[in-house]
Amino acid sequence: MRSGASYEHDYELRDKRWLDGRAGTPVLMLRSRRGRLGRKLIHAVVFAPVTYSLLSLLGLWWLVAAVHITSTDILPAPALVAERAVELTHSPYGSETLFGHALTSIVRVTAGFASGCVAGIAVGILMRYVYAIRYFADPILAFLRPVPAFAFVTVLITWFGLGELPKVMLIFLAVFSLTTVFTAAAMEALPPQMQDAARTLGATGWRLFWFVQVPAALPDVLVGMRLTLALAWTAVMGAELVAADSGLGWMVWNAVRFGQTEVVFVAVVGIAVIGALMDLLLVLLTQALTGNWRTHMRSS
Amino acid sequence: MNTTELGTGINVAVTAVTKTYETKQGPLDALRKVTLNLAAGEFVAVVGPSGCGKSTLLRLVAGLDRPTSGEIRIDGKAIDGPDPRHGVVFQRPALFPWLDVLGNVTFGPRMKARAPNKKTLVAEAERYITAVGLAGFERHKIYELSGGMMHRVALARVLINEPLVLLMDEPFGALDAQTRLVMQELLTEIWQAERSTVLFVTHDVDEALLLSDRTVVMTARPGQIKEIHDVTLPRPRGLTTLTTPEFASLKREVLGSIREETQRTMSLERAEVRAHSGDDR
């Protein structure tokens with residue numbers, strides 16, 4: 001019989017191994033420590049939690065498709081989707097190949113996300129410091145925020161035509177309205193004793209802002225950016241719904257229209273992979289900028 | 001001890017200072033008509049029951065808050081906001097976790113309109129990091145340090161600004177007894193070398209008597225100065241000082257005085273609670 005306490009302890013140990021990306025039996029861990037770098041790397045990938053979780057998802061997909069609960073039109077098997085994806089890398093679907101569509105969407109998302117972040121962070125900071133701007137912008141943003149980006153699609157096309165501008169604008173709007181909120185909140189994250197310390201050490205004006213307020217706000221802003229990046233990918237689906245002939249979002253809508261389920265899956269997996277990789281970039285940026293200290297804001 | 005001639009520090013004059021906070025229950029005097037003069041180079045400790053406004057007093061002298069009435073002059077000049085030459089050490093080290101030890105210590109000089117060049121800066125910082133016994137820890141992250149080490153960094157970070165006045169708000173309150181003793185000795189050493197004027201707020205009577213030239217006892221809220229004790233114990237003081245009869249009698253006197261005030265605070269709070277529940281009914 002095990003007591004509850006010892007079970008918890010056991011669980012914690014196991015949990016840490018998972019986080020290390022070295023889950024597996026202790027025997028395997030010992031072996032990897034003796035091995036060379038290449039072997040260690042393979043080991044790290046093979047036993048990384050991400051590998052298990054993605055493989056099990058793939059396995060579940062394969063299983064459901066294999067037992068034919070549903071028809072291939074509703075859930076194509078992974079192999080079928082992979083086959084179609086490989087085919088689409090060289091033969092165009094509509095105007096472009098898979099890579100072309102992916103690149104188009106990446107450019108739109110990146111442009112909308114980057115401009116939305118820059119403008120949103122700027123306005124968020126101004127809202128923190130300038131009361132006139134806060135009182136002006138707050139109500140407008142409060143109305144803008146709950147409206148899904150989708151709702152603006154036709155309006156933006158009417159206003160800005162059929163080019164790239166309305167598509168990027170749509171993503172911009174989705175990112176911008178949320179960025180202002182979390183930036184304004186992040187600017188308040190500086191613990192009062194840290195601000196007092198900075199002031200008594202001689203920090204005033206822009207120096208207080210740049211050397212103290214900005215680094216203190218950075219962790220919260222970066223978390224917010226990860227959320228709005230996901231939102232940008234949601235918005236690109238709307239942007240490519242109407243008056244578009246390219247992009248992963250367009251691929252989804254077009255394939256749905258013609259009942260090409262496996263193409264829908266190719267595009268969806270494409271969005272998932274690119275979105276996850278872009279998120280990984282943000283995670284790495286967060287790690288580089290705020291590394292280990294972000295959890296120590298309150299304790300120092 | 002005649003401290004007025006020793007100092008390179010500057011004098012601090014607190015005159016009839018009152019600080020009133022607006023609360024939901026109406027205005028509340030945290031301090032009432034406090035007058036206190038610190039001679040240049042003098043070490044003054046302030047003790048009193050909790051909530052008596054000692055920290056408020058320190059914040060006012062630091063320029064972080066403004067008095068409701070009365071005035072505070074440092075070296076004859078009315079204070080106008082915080083000043084790096086009026087160093088403040090807080091109860092919590094309040095270090096910047098995104099900077100390493102060196103970055104924290106050089107923070108003050110880097111905030112100047114004309115920051116010194118990097119080489120001078122590092123050499124200067126090195127001197128103070130060594131002075132607080134942290135040589136070799138320059139590149140350590142803040143969260144890698146122990147509580148005592150963090151307080152040393154906080155002290156070095158203030159000292160590099162060459163403060164003429166050192167304001168300390170229970171700086172060692174959160175430390176364990178051993179570390180506190182080491183920090184007290186370090187502070188005494190530094191004070192004797194630099195001779196800045198020190199205003200030291202604490203709730204620890206031993207600490208106050210061990211460090212100060214004069215110990216001020218404050219009353220329960222609203223904070224007023226109840227009495228001032230000259231601490232004439234010979235320096236250098238240390239562990240042996242704590243066991244002398246002079247120290248014991250002085251401590252008894254001060255403790256008794258604070259005890260009266262603590263009891264008053266508690267009865268005051270009880271009365272407030274009664275008045276409060278009366279409102280609700």
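(A) A look at helix α12 (residues 248–257) of chain A. All names here are of chain A. Among the 10 residues that make up α12, 7 are buried, leaving the element largely enclosed by the rest of the structure. Along α12, the positions that sit buried rather than exposed are Leu248, Gly249, Trp250, Met251, Val252, Asn254 and Ala255. For α12, the secondary structure elements touched by its buried residues are α6 (98–129), α11 (205–239) and α13 (261–290). After α12 finishes, the residue glycine 259 shows a positive phi value of roughly 65°.

(B) A look at the interface of chain A and chain B. Contact with chain A, which involves 17 residues of that partner, is made by 24 residues of chain B. Mapped onto the side of chain A that touches chain B, the elements with two or more residues apiece are α10 (192–200) and α11 of chain A. With 6 residues, the top contributor of residues to the side of chain A that touches chain B is α10 of chain A. A per-class count over the side of chain A that touches chain B returns 8 nonpolar, 6 polar and 3 charged.

(C) Seen up close, the packing of helix α5 (residues 78–90) of chain A against α13 of chain A. Residues and elements named next belong to chain A. Between α5 and α13, the shortest axis-to-axis distance is 9 Å and the interhelical angle comes to 75°. In terms of their interaxial angle, α5 and α13 are classed as roughly perpendicular. Across the interface between the two elements, Leu80, Val81, Arg84, Ala85 and Leu88 of α5 pack against Glu262, Val263, Phe265, Val266 and Val269 of α13. Considered class by class, the residues forming the contact of α5 with α13 number 8 nonpolar, no polar and 2 charged.

(D) Representation of the confidence of the model for chain B. All names here are of chain B. Residues at a pLDDT of 70 or more form 95% of chain B, whose mean pLDDT is 89. Averaged over each element, pLDDT in chain B is lowest for helix α8 (residues 245–280) (83) and highest for helix α2 (residues 101–105) (96). Across residues 1–7, where pLDDT falls below 50, the model places 15 contacts with residues more than four positions away in sequence or in other chains. Both scores are available for the predicted complex, with the pTM at 0.80 and the ipTM at 0.87.

(E) Fine view of the pairing of strand β4 (residues 69–74) of chain B. Residues and elements named next belong to chain B. Where strand β1 (residues 12–23) lies against β4, 5 bridges are found, and the strand directions are antiparallel. Its bridge partner being in β4, valine 14 is matched across the sheet by isoleucine 72. Pairing between β4 and strand β5 (residues 77–78): 2 bridges, direction antiparallel. Directly across from isoleucine 74, in β5, lies its bridge partner lysine 77. What sits between β4 and β5 in their antiparallel hairpin is a turn of 2 residues, with aspartate 75 showing a positive phi close to 55°.

(F) Quick look at the packing of α6 of chain A against helix α7 (residues 131–144) of chain A. Residue and element names in this part refer to chain A. At their nearest, the axes of α6 and α7 sit 6 Å apart, and the two run at 125° to each other. When the axes of α6 and α7 are compared, the pair comes out oblique. Note on packing geometry: the crossing formed by α6 with α7 is left-handed. Touching Val123, Leu126 and Met127 of α6 are Ile133, Arg134 and Ala137, all from α7. Its residues assigned to classes, the contact of α6 with α7 comprises 5 nonpolar, no polar and 1 charged.

Here is what the cut-offs are and how they apply
Numbering of residues starts from 1 in each chain and follows the order in which that chain's sequence is written. Written order decides the labels, with chains lettered from A and ligands numbered from 1. Totals for whole chains, interfaces and linings use all residues, but because this is a predicted model, local features are given only for residues with pLDDT of at least 70 and pairs of side-chain atoms are given and counted only at 80 or more. In this scheme the burial state of a residue depends on its C-beta neighbours within 10 Å: 20 or more other such atoms mean buried, 12 or fewer mean exposed, and anything in between means partly exposed; the C-beta positions come from the backbone. Working definition: helices are DSSP H or I runs of at least four residues, strands are E runs of at least two. Numbering for both runs from the N terminus. Here, residues touch in the contact sense if the C-beta positions derived from the backbone fall within 7 Å of one another. Basically, the charged four are Asp, Glu, Lys and Arg, the nonpolar ten are Ala, Val, Leu, Ile, Met, Phe, Trp, Tyr, Cys and Pro, and anything else, Gly included, counts as polar. The axes are straight lines fitted to the C-alpha atoms, using for helices just the contacting stretch, and the angles between their N-to-C directions are given from 0 to 180°. The scheme is simple: roughly parallel for angles under 35 degrees, roughly antiparallel for over 145, roughly perpendicular for 65 to 115, oblique for anything else. Every residue gets a pLDDT, meaning the predictor's confidence in that residue, from 0 to 100. Two strands form a pair only when DSSP identifies at least two bridges running between them. Note: crossing handedness is left-handed where the near helix turns anticlockwise from the far helix by less than a right angle, and right-handed where it turns clockwise.

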